[in-house]
Amino acid sequence: LFQGPHLSDRSHKLQIQLFKALVLQAIIPLFTAYAPIALCCALPFFGLNLPIFSVICPPFCAMHPVLDSCIMLSTVSQFRKTLIDCVFCRRGRRNSKVFALDVEMREVPIDVRHAKRRLSDAY
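Being a predicted model, the structure only gives us computed values, none of them experimental. (Residues numbered from 1 in each chain as written. Predicted model: local features only at pLDDT ≥ 70, side-chain atom pairs only at ≥ 80, totals over all residues. Heavy atoms only, no water.)

S.K.: Help me understand the overall build of the protein chain, please; the structure alone is not making it clear to me.
M.R.: Helix and strand counts for the protein chain stand at 5 helices and 0 strands. Traced from its N-terminal end to its C-terminal end, the protein chain shows the element sequence α-α-α-α-α. Within the span of the protein chain, comprising 123 residues, buried residues form 18% of the whole. Within the protein chain, contacts between residues at least 6 apart in sequence are counted, and of these 44% link residues at least 24 apart. Carbon and sulfur atoms form 69% of the exposed surface of the protein chain, whose accessible area is close to 9800 Å². (Helix = DSSP H or I, 4+ residues; strand = E, 2+ residues; numbered from the N terminus. Buried < 20%, exposed > 50% of the residue type's maximum accessible area, 1.4 Å probe, protein only. Contact = heavy atoms within 4.5 Å. Areas by Shrake-Rupley, 256 points an atom, 1.4 Å probe, with all protein chains shown as cover.)

S.K.: Please clarify how the side chain of T32 should be interpreted in this entry.
M.R.: Following the sequence through the fold, T32 ends up in helix α1 (residues 9-42). For T32, a relative accessible area of 4% translates into the label buried. Excluding residues that lie within four positions of it along the chain, T32 makes contacts with F60, C61, H64 and L67.

S.K.: Quick question: what am I supposed to make of the environment of I16 here?
M.R.: Of note, I16 is situated in helix α1. Judged by its relative accessible area of 25%, I16 falls in the partly exposed class. As for I16 and V76, which are separated by 60 residues in sequence, their C-alpha atoms are 9.1 Å apart.

S.K.: Any chance you could explain α1 here in plain terms?
M.R.: Think of an α-helix as 3.6 residues a turn; residues three or four steps apart then line up on the same face. With 34 residues, α1 ought to run about 50 Å at 1.5 Å a step, and its terminal C-alpha atoms sit 48 Å apart, in line with that. Y34 marks the point of greatest bend in α1, at about 40 degrees, and the proline P36 comes within the next four residues. Looking at α1, one finds that the buried residues are H12, Q17, A21, I28, P29, T32, A33 and P36. (Expected span 1.5 Å × (residues − 1). Bend = angle between axes of the 7 residues up to and from the residue.)

S.K.: What exactly am I supposed to notice about the packing of α1 against helix α2 (residues 52-75) here?
M.R.: For any two helices packed against each other, one specifies the crossing angle of their axes together with the interaxial distance. Two elements in contact, α1 and α2, have axes whose closest approach is 9 Å; the angle formed by their N-to-C orientations is 180 degrees. Regarding the angle of α1 to α2, the classification is roughly antiparallel. Taken together, the residues of the contact of α1 with α2 sort by class into 18 nonpolar, 6 polar and 1 charged. (Axes fitted to C-alpha atoms, helices over the stretch in contact; angles between N-to-C directions. Parallel < 35°, antiparallel > 145°, perpendicular 65-115°, else oblique. Nonpolar A, V, L, I, M, F, W, Y, C, P; charged D, E, K, R; others polar.)

S.K.: Looking at this model, I keep getting lost on the UniProt feature "transmembrane region" (unreviewed entry) in the protein chain. Mind explaining?
M.R.: Mapped onto the present numbering, the UniProt feature "transmembrane region" (unreviewed entry) falls on residues 21-46. Helix makes up 85% of residues 21-46 and strand 0%, whereas the separation of the span's terminal C-alpha atoms amounts to 36 Å. (UniProt positions renumbered as here; feature names shortened; annotations may be inferred.)

S.K.: Which parts of the structure should I look at to understand a nonpolar patch on the surface?
M.R.: Taken together, the side chains of F19, V23, I27, L30, F31 and Y34 make up a nonpolar region of the molecular surface, amounting to roughly 610 Å² of accessible area. Considering the arrangement of structural elements, one finds F19 in helix α1. Here F19 falls in the partly exposed class, since its relative accessible area comes to 43%. (Patch = residues over 30% accessible without salt bridge, like charges linked within 9 Å, V, L, I, M, F, W, Y side chains within 5 Å. Salt bridge = Lys/Arg side-chain N within 4 Å of Asp/Glu carboxyl O.)

Here it is in structure tokens:
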């Protein structure tokens with residue numbers, strides 16, 4: 001991939017991670033959806049009667065959406081760090097952009113008059 005002068009190292013690393021995730025998300029359906037069904041359809045043409053493939057195909061096809069999310073969580077470091085922070089309830093280390101929205105939403109005032117006053121002060 002081309003790293004132009006306008007990309008920081010962090011942005012470049014993120015782009016590489018997203019590219020890897022996209023490639024893996026494009027390859028995984030080959031093994032989870034298309035190959036089991038192709039084998040289930042093609043084996044009778046070769047005279048092989050294996051009923052196990054008709055049992056294996058539905059779980060493999062159902063595994064595809066789960067693997068898509070697992071690929072994103074395992075390849076993109078910011079998603080992985082955020083998931084670990086959520087699972088282990090780490091409130092101190094919230095440097096993620098995902099949590100920034102949560103903090104901003106908590107700071108929204110409840111009183112409408114106070115909100116109008118706050119907006120008029122901003123302008």
